[in-house]
Amino acid sequence: MELWVDGLAGAEHGVRTIQAIRPRLHQWSVRKYGSLTFRITQVLSGHGCFGRYLCRIGREETASCHGCGAEEDTAQHTLEVCTAWSNERRTLVTEIGGDLSLPSVIDAMLGIFLFVLNKKVGWIAKSLTMEQKRIKDVEKMNKEN
Ligand SMILES: [Zn+2]
């Protein structure tokens, strides 16, 4: 693993993705959740329906954004800025917070399992508390009668 991490240090391509994942590579490689979908891979790699990428590979004449008209459309533009994705962004911010930098998004992907687990544990604890209260209320009513 260390060899892999060291080898990525001097990478010339995919720098945005590597800089975000490299510090978390071990955690990323052993995660048992957070599978990569087609769209998540596009956002992580920047290789997808983004003006800059499409222009680079000769599929578009300019790097501009078809969604909002910005001069340069990138995965990060879509994540953080593009007005065409405001509703989706609002949902994402509700789930993972306002930092939509790639390292932060990856941290959120790595933390989703813990988040869900904490939510479930919290729900179970609340349910147990409510059940204990219900039992005490029944006991109290039985004593009064
Ligand atoms: Zn845009």
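A few points on the structure. (Residues numbered from 1 in each chain as written. Predicted model: local features only at pLDDT ≥ 70, side-chain atom pairs only at ≥ 80, totals over all residues. Heavy atoms only, no water.)

## Quick word on the overall build of the protein
Point 1. Assigned secondary structure in the protein consists of 8 helices and 0 strands.
Point 2. Walking the protein from its N terminus toward its C terminus, one meets helices and strands in the order α-α-α-α-α-α-α-α.
Point 3. Within the protein, buried positions represent 24% of all 145 residues.
Point 4. Pairs at least 24 apart in sequence give 41% of the contacts found in the protein among residues at least 6 apart.
Point 5. Total accessible area on the protein stands at roughly 10,700 Å², and carbon and sulfur atoms take up 59% of it. (Helix = DSSP H or I, 4+ residues; strand = E, 2+ residues; numbered from the N terminus. Buried < 20%, exposed > 50% of the residue type's maximum accessible area, 1.4 Å probe, protein only. Contact = heavy atoms within 4.5 Å. Areas by Shrake-Rupley, 256 points an atom, 1.4 Å probe, with all protein chains shown as cover.)

## Some details on the packing of aromatic side chains
Point 1. Across all of its chains, the model carries 0 aromatic pairs by this definition.
Point 2. Over the aromatic face of W28 sits the side chain of R31, whose NZ or CZ is 3.9 Å from the ring centroid. (Phe/Tyr/Trp six-rings, centres within 6.5 Å; stacked < 30°, edge-to-face > 60°. Lys NZ or Arg CZ within 6 Å of the ring centre and 35° of its normal.)

## Looking at the coordination of the zinc ion
Point 1. For the zinc ion, the full set of protein donor atoms is C65 (SG), C68 (SG), H77 (NE2) and C82 (SG), and the range of their distances to it is 2.1 to 2.3 Å.
Point 2. Every donor counted, the 4 donor atoms about the zinc ion form angles of 102 to 114° at the centre, which fits tetrahedral coordination.
Point 3. Here the donor residues of the zinc ion share one chain and are spaced in sequence as C-x2-C-x8-H-x4-C.
Point 4. The class for H77 is buried, based on a relative accessible area of 9%.
Point 5. For C82, a relative accessible area of 1% gives the class buried. (Donors = N, O, S within 2.8 Å, 3.2 Å for Na, K, Ca; no water. Tetrahedral: all angles 85-135°; square planar, octahedral: opposite > 155°, others 65-115°.)

## Notes on the environment of I21
Point 1. Following the sequence through the fold, I21 ends up in helix 2 (residues 15-21).
Point 2. Along the primary structure I21 and V5 are separated by 16 residues, whereas in three dimensions their C-alpha atoms are 9.7 Å apart.
Point 3. Those residues in contact with I21 that lie beyond four places of it in its chain are W28 and I106.

## Some thoughts on the nonpolar core
Point 1. One finds V5, A20, I21, L25, W28, L44, L79, L102, V105, I106, M109 and L110 forming the largest nonpolar core, which totals 12 residues.
Point 2. Every element with two or more residues in this core is listed here: helix 2, helix 3 (25-30) and helix 8 (102-144).
Point 3. The element that contributes the greatest number of residues to this core is helix 8, accounting for 5 residues.
Point 4. Other than its neighbours up to four places away in sequence, V5 contacts R22 and L25. (Core = buried A, V, L, I, M, F, W, Y, C linked by side-chain atoms within 4.5 Å.)

## Regarding the layout of surface pockets
Point 1. Considering only enclosed or pocket space, the largest pocket measures out at about 830 Å³ in volume.
Point 2. With 6 residues, the single largest contributor to the lining of the largest pocket is helix 8.
Point 3. For the lining of the largest pocket, a count of residues per class yields 16 nonpolar, 6 polar and 6 charged.
Point 4. By volume, the second largest pocket amounts to about 490 Å³.
Point 5. Looking at the second largest pocket, it is lined by 22 residues, and the ones nearest its centre are G14, T17, S45, G46 and H47.
Point 6. Sorting the residues of the lining of the second largest pocket by element identifies helix 2, helix 4 (38-45), helix 5 (51-56) and helix 6 (75-80) as the ones contributing at least two each.
Point 7. At 4 residues, the largest contribution of residues to the lining of the second largest pocket is made by helix 2.
Point 8. Taken together, the residues that form the lining of the second largest pocket break down as 8 nonpolar, 9 polar and 5 charged. (1 Å grid on protein atoms, 1.4 Å probe; cavity = no way out; pocket = protein on both sides within 12 Å on 5 of 7 lines; lining within 4 Å. Points joined across faces, edges and corners; volume = space filled by probe spheres on them. Nonpolar A, V, L, I, M, F, W, Y, C, P; charged D, E, K, R; others polar.)

## Structural notes on the pattern of salt bridges
Point 1. Per the stated rule, a full pass over the model turns up 2 salt bridges.
Point 2. The residue D107 makes a salt bridge to R24 at a minimum N-O spacing of 2.5 Å. With D107 in helix 8 and R24 in the loop between helix 2 and helix 3, this residue pair connects regions lying 83 residues apart in the sequence.
Point 3. Residue classification places D107 among the partly exposed residues on the basis of a relative accessible area of 39%.
Point 4. R24 sits in the buried class, given a relative accessible area of 15%.
Point 5. Taking the shortest distance from any N to any O, the salt bridge between R52 and E72 comes out at 3.5 Å. Remark: E72 occurs in the loop between helix 5 and helix 6 and R52 occurs in helix 5; sequence separation between them is 20 residues.
Point 6. Judged by its relative accessible area of 47%, R52 is partly exposed. (Salt bridge = Lys/Arg side-chain N within 4 Å of Asp/Glu carboxyl O.)

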